[in-house]
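Descriptive analysis of the structure
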Amino acid sequence: MGTCFSYGNKLLQKEISKLNSVKNIALIGSGTMGIGIGIDLLNKTNYNIVFIDVADKSLNRAKNDIKAYFSGMVSGGRILEEHLDNYLNRVKYTKDFKVLKDAEIIWEVATERIDIKKSIFANIEKYADQEKLIFVFSNTSSHTTEELAVLFNDRFLKDKFLTGHGYFPFHANRLFDVMKGKYASEDSFIAGVAFAEQILEKKVIALRNDHHGYIADPIFQGMGAIVSWDIKTGQDLVELPMIFGLLTANPFEVLDRTGHMPYTESAIHLGRALPANDRLRSIYNQEKRHYPTWIEDLEKSGRIGIYNDEKEGFFKWDGSTNREKPVKVYDPKSKKYVEIKEIDNNEFWSISEAKALDQRESTIKSVEGLIQIAISEDKGGKTFRRYAIPIMLYALDLIQDSYGTPADINVSTKVGLRFKFGLCEIIDGFLNYFGIDGLIALIKKAAIENPDRTELFDTDGKSDPRKGIPNLLYTMKKNGWTNLLGYGRIYGTPVSQRNFGTGDLDIYYNDLRYIFPTKKDRVASIIFDNPLRGNVWNKYTIDQLDHAIGISVKMYEKGQLGSILFTASGTGMRMLGADARQFNKGWFDAKVGYQFLGEKDASYFTKAGMKLFRFIQESPIWTFGVFGEKWGGGAEFTYFLNQRFDVVLKGVDFDTIKRKAVYGFKNNYNQPEIEYAILGGFGAVQELIRLGFGESLIDELFLQGLTAKRAYELGLSNGISENEFELLERAFEIARLKQKFAVPYSVALFNLQKKNAKREGCNDEQLTRETGETFNPEKNPYISTGLLRLLNMGGKNPPLDLSVRGKLPGWENNYDNLYS
């Protein structure tokens, strides 16, 4: 959003004004990551950005890349040429650290080398204005916050110091880590997390405890390192990491895109600094080295990926920028690039079978396919057991050692590392298939097969490095816990995580954020948080919203919640409707085309959504929506809410009459379904009629769309503003004020009267009966204290008990049986 909002969080409120007043940010380092951060900030904020680097070559590359990116935005019709300078003039490039005096946020993204970081931190200490500074981020793939914080002498800067780490490509990858460590103040940590969540619009892993490389990096590093020592030929580089390609991608192909240096520098640091009980420590300490000689040979020769002139790294690449493909592979034996051979299906028949299974079941990279590989006796099964099982055990170690939760690990792998299924989902799939004892037996089989690496497979706590620490699987068995995550009741996708401290299942949403109501405000906030698939509605978000509404209704019945504010994170607060892939059988392949899902499955998606939306609409909880651009099902969802507030949108559209891109007001409400041979499947037509629209206005919405101003004129929108913060503040305040006296009986009756009047028209006899019942304490247990506010206005009255008591008119909480 480019702005921060507290959603009633008192701890966050005092940091909000600082974050929303930021004008200047300094980025120290102008490499690949720094450039990505700069582009992201230019797109999402109005900040002035200064790049600081000691190398003219790096600064020039940053300047050229940023200009090329925004020039591409012009040629692509996303911004106008006259607006180009608005972006480029907000960036400065310098070698002079004195400019740090103007920065409210300083972000070091230079290197993993501790000696260089020490020099940079000395300059921060020398030039930063401590009165202005909100926090300092250091981007690191392997260091802990404490290791870096001690490089500062000034206690104030230690208080302000956090490690903040994004993933390649920064502007497209949603994952971001913020680690507090030993020295940072709570205010700095809160501000850093809020900045990452709301300004950068990322899915944040907020770690209080220090861990080398957060969660995602040591898993990714481990995927590369565990294979690297076995690679002897070019074909090994293709075949051995192939098992990780079934989870996400060959890690060596990824490293060619991100550069090798962060990997090698991290391997050195992890080999030296990982704690003695870290399961993967040994893979960074073999042959008296931290990574193999053949990788060092590549690095010394300058072949570090697609960004060198020859586009050579672990692979030789060819193709236009950002569309490169590997055409040859590096052969460590000959130190030359050789042809990539076809995979021998006789050796890796289980992988071929897994792909065939996915094709039959219309899935891709399925957990079922991985299980079939894991139990096979071919080379595919053996590589899975040798390489993938230690990574799975490492994930369990991270939970057991309190470095991360099951949600942290699943988000890190699914969002950051682009796993098709998060690592904890995969482990749960194995637990569902094998059971705990069967999975342990599979691990023990892997240990026998790999006598050179037995330390990676220990589950009993009988050998180093996990000596004396039996695996988390035994804790789960003891407590009767069969899974790490909890799953939704509609589509069976993750919605909760096991809390190993309490044993409870806590909220875990990939695509939503749920902010609990405070005791005073009683307003929950549900934020559609840049869903992974882009468009809002799919199996995952339906499951997550259903789970969130279930939690909300339970709190409502206890009197702990009276209103829900719905909104969306991200630029323009967009709600982009249903994911079209939801209606294609299996994974869409352009070469194959649309594959019919079947009427029953296609209609079930509408049925699931409509049951949930109708439940929200008819519940006696006040609901408010604050959104910007809405398309299809994203717009339809808001028609079910009590009130809608719209951000006035401006941007570039293509004018088909003038035949050019023009800047102006953009539509907030869009229903384009007819153009795609489909329909408004979440009730657009019927809900707009319920809201008082006639045919002409419904036609206008479907044919032309509605701007915020037009929607406000027609009564569809209840408030508009160009300022997102102002709009959120106004809507939240209405929600806060109206929940104070949202008497369940009266709100339920109000909803019933609207429904009956729409369906039946005026009914004076019914109104007369309802009036009598309302004043009857036996039917309306709230009347005694509620009416006192009128009878004894200005006097001291007993507090309202807003928990649900007795039978409410026209509403029964049937949430538990909604999908029966």
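Summarised in this report is the structure supplied together with it. Think of each chain on its own: its residues are numbered from 1, step by step along the sequence as written. Local features in this predicted model are restricted to residues of pLDDT 70 or higher, and side-chain atom pairs are both shown and tallied only at a pLDDT of 80 or more, whereas totals for entire chains, interfaces and linings draw on every residue. Each side-chain value is worked out from all heavy atoms of the structure, with water and hydrogens disregarded.

To continue, consider the overall build of the protein chain. Across its full length, the protein chain carries 30 helices and 24 strands. In this treatment the radius of gyration is a C-alpha quantity, and the globule benchmark scales as 2.2 Å times the residue count to the 0.38 power. Whereas a compact globule of 820 residues would reach a radius of gyration of roughly 28 Å, the protein chain reaches 28 Å, a difference of no more than 12%. Expressed as a percentage of its 820 residues, the buried residues of the protein chain come to 55%. Contact criterion: two residues are considered in contact whenever any of their non-hydrogen atoms come within 4.5 Å of each other. Sequence-distant contacts, at least 24 apart, represent 69% of the contacts inside the protein chain between residues at least 6 apart. In these tables, accessible area is a Shrake-Rupley quantity obtained with a 1.4 Å probe, and a residue counts as shielded only by the protein chains included in the view. Split by element, the accessible area of the protein chain, about 35,700 Å² in all, is 51% carbon and sulfur. For the protein chain, the distance from the average position of its 107 positive side-chain charges to the average position of its 106 negative side-chain charges is 2 Å. In this text, helices come from DSSP runs of H or I with a minimum length of four residues, and strands from runs of E with a minimum of two, each type numbered from the N-terminal end. Accessibility here uses a 1.4 Å probe with only protein chains present; expressed as a share of the type maximum, an area under 20% marks a residue as buried, one over 50% as exposed, and anything in between as partly exposed. Note on charges: Lys and Arg go in the positive column, Asp and Glu in the negative column, and His and the chain ends are not counted at all. In plain terms, the charge of a residue is placed at NZ if it is Lys, CZ if Arg, CG if Asp and CD if Glu.

We define a salt bridge as a contact between a side-chain nitrogen of Lys or Arg and a carboxyl oxygen of Asp or Glu at a distance within 4 Å. For the structure shown, the criterion picks out 49 salt bridges. Among the salt bridges present, the one from Asp-102 reaches Lys-101, with a minimum N-O distance of 3.3 Å. According to the relative accessible area criterion, Lys-101 is partly exposed, its value standing at 45%.

Running from amino to carboxyl end, helix H16 (residues 367-374) crosses helix H19 (residues 423-449) at an angle of 25°, the nearest separation of the two axes being 9 Å. Relative to H19, the element H16 is oriented roughly parallel. Seen from above, H16 lies across H19 with right-handed handedness. Contact residues: H16 offers Val-367, Leu-370, Ile-371, Gln-372 and Ala-374, while H19 offers Ile-426, Gly-429, Phe-430, Tyr-433, Phe-434 and Leu-442. Three residue categories are used. Nonpolar comprises Ala, Val, Leu, Ile, Met, Phe, Trp, Tyr, Cys and Pro, charged comprises Asp, Glu, Lys and Arg, and polar comprises the others, including Gly. When the residues that make up the contact of H16 with H19 are grouped by side-chain class, the tally is 9 nonpolar, 2 polar and no charged. Every axis in this analysis is a line fitted to C-alpha atoms, fitted for helices over the stretch in contact. Angles between the N-to-C directions lie between 0 and 180 degrees. Our angle categories are set so that under 35 degrees counts as roughly parallel, over 145 as roughly antiparallel, 65 to 115 as roughly perpendicular, and the remainder as oblique. Put simply, a crossing is left-handed when the front helix is turned counterclockwise from the back one by less than a right angle, and right-handed when it is turned clockwise.

With an omega of -15°, the peptide bond between Phe-168 and Pro-169 qualifies as cis. Of note, the amide linkage connecting Asp-464 to Pro-465 takes the cis form, showing an omega dihedral of 5°. One can find Pro-465 in the loop between H19 and helix H20 (472-479). Within the chain, Glu-201 stands out as a residue other than glycine whose phi angle is a positive 60°. Take Glu-201: it is sitting in the loop between helix H8 (186-199) and strand E8 (203-207). Positive phi values are uncommon outside glycine, yet Glu-287 reaches one of about 55°.

Aromatic rings from Phe, Tyr and Trp, with only the six-membered ring used for Trp, were paired whenever their centres fell within 6.5 Å, and each pair was classed as stacked if the ring planes differed by under 30 degrees, edge-to-face if by over 60, and tilted otherwise. Here the structure, examined in full by the defined rule, presents 46 aromatic pairs. For the ring pair Phe-5 and Phe-732, a centre distance of 5.9 Å and an interplane angle of 70° mean the geometry is edge-to-face. With Phe-5 in the segment before helix H1 (10-20) and Phe-732 in helix H27 (residues 724-739), this pair connects stretches of sequence that are 727 residues apart. What makes Phe-5 buried here is its relative accessible area of 6%. In this structure an aromatic cluster arises from ring pairing among Phe-528, Trp-537, Phe-566, Phe-583, Phe-605, Phe-613, Phe-627, Phe-637, Phe-640 and Phe-682. For a ring to carry a charge above it, either NZ of a lysine or CZ of an arginine must fall within 6 Å of the ring centroid while also lying within 35 degrees of the normal to the ring plane. In this structure, Arg-289 is placed above the aromatic ring of Tyr-291, and the distance from its NZ or CZ to the ring centre is 5.8 Å. For the cation-ring pair, Arg-789 lies above Phe-741, with the distance from its terminal atom to the ring centre recorded as 3.5 Å.

A helix is expected to span 1.5 Å multiplied by its residue count minus one. Here helix H2 (residues 32-44) is 13 residues long and its end C-alpha atoms lie 19 Å apart, about the 18 Å a rise of 1.5 Å per residue gives. Counting buried residues in H2 gives 11 out of 13 residues, a clear majority hidden from the surface.

Here the nonpolar core consists of buried residues drawn from Ala, Val, Leu, Ile, Met, Phe, Trp, Tyr and Cys, with membership extended through side-chain atoms lying within 4.5 Å. One finds Ile-219, Phe-244, Phe-384 and Phe-430 to be the most contacted residues of the largest nonpolar core, which totals 91 residues. Tallying contributions element by element places H19 first for this core, with 13 residues. Beyond its immediate sequence surroundings of up to four residues, Ile-219 is in contact with Ile-391, Tyr-394, Leu-398, Ile-409, Thr-413, Leu-417 and Leu-423.

Along the chain, Val-338 falls in strand E11 (residues 336-339). Counting along the chain gives 104 residues from Val-338 to Gly-234, while the straight-line C-alpha distance between them is 6.8 Å. The contacts of Val-338, once residues within four sequence positions are left out, are Gly-234, Lys-328, Val-329 and Asp-331.

Paired strands are those between which DSSP finds at least two bridges. As summarised here, the arrangement of the 8 strands in space is E3-E2-E1-E4-E5-E6-E7-E8, forming an open sheet in which the pairing is mixed. One side of each edge strand has no neighbouring strand; the edge strands of this open sheet are strand E3 (91-94) and E8. Between one strand axis and the next, the sheet turns through 20° on average, direction left out of account. Note: strand E6 (residues 161-166) against strand E7 (residues 175-179), 4 bridges, orientation antiparallel. Bridge assignment links Gly-166 to a residue of E7, and that residue is Phe-176.

The next point concerns the sheet that holds strand E10 (residues 325-331). If you trace the 3 strands from one edge of the open sheet to the other, you get E9-E10-E11, paired in antiparallel fashion. Lying at the two open borders of the sheet, with one neighbouring strand each, are strand E9 (315-318) and E11. The sheet shows a mean angle of 40° between the axes of neighbouring strands, direction not considered. Note that E10 and E11 share 4 bridges and pair antiparallel. Paired with Tyr-330 across the strands is Tyr-337, a residue of E11. Here helix H12 (residues 251-258) sits on the sheet and contacts E9 and E10; the angle it forms with E9, its principal contact strand, is near 60°.

For Arg-736, the location among the structural elements is in helix H27. Given a relative accessible area of 17%, Arg-736 falls into the buried group. Not counting the four nearest positions on each side in its chain, Arg-736 is found in contact with Asp-521 and Val-523.

With their axes 10 Å apart at the nearest point, helix H9 (residues 216-228) and helix H17 (residues 379-400) run at an angle of 150° to one another. Of the possible angle classes, the one that applies to H9 and H17 is roughly antiparallel. The element H9 and its partner H17 pack so that their crossing is right-handed. Seen from H9, the contacting residues are Pro-218, Ile-219, Gly-222, Met-223, Ile-226 and Val-227; seen from H17, they are Arg-386, Tyr-387, Pro-390, Ile-391, Tyr-394 and Leu-398. The class makeup of the residues in the contact of H9 with H17 is 10 nonpolar, 1 polar and 1 charged.

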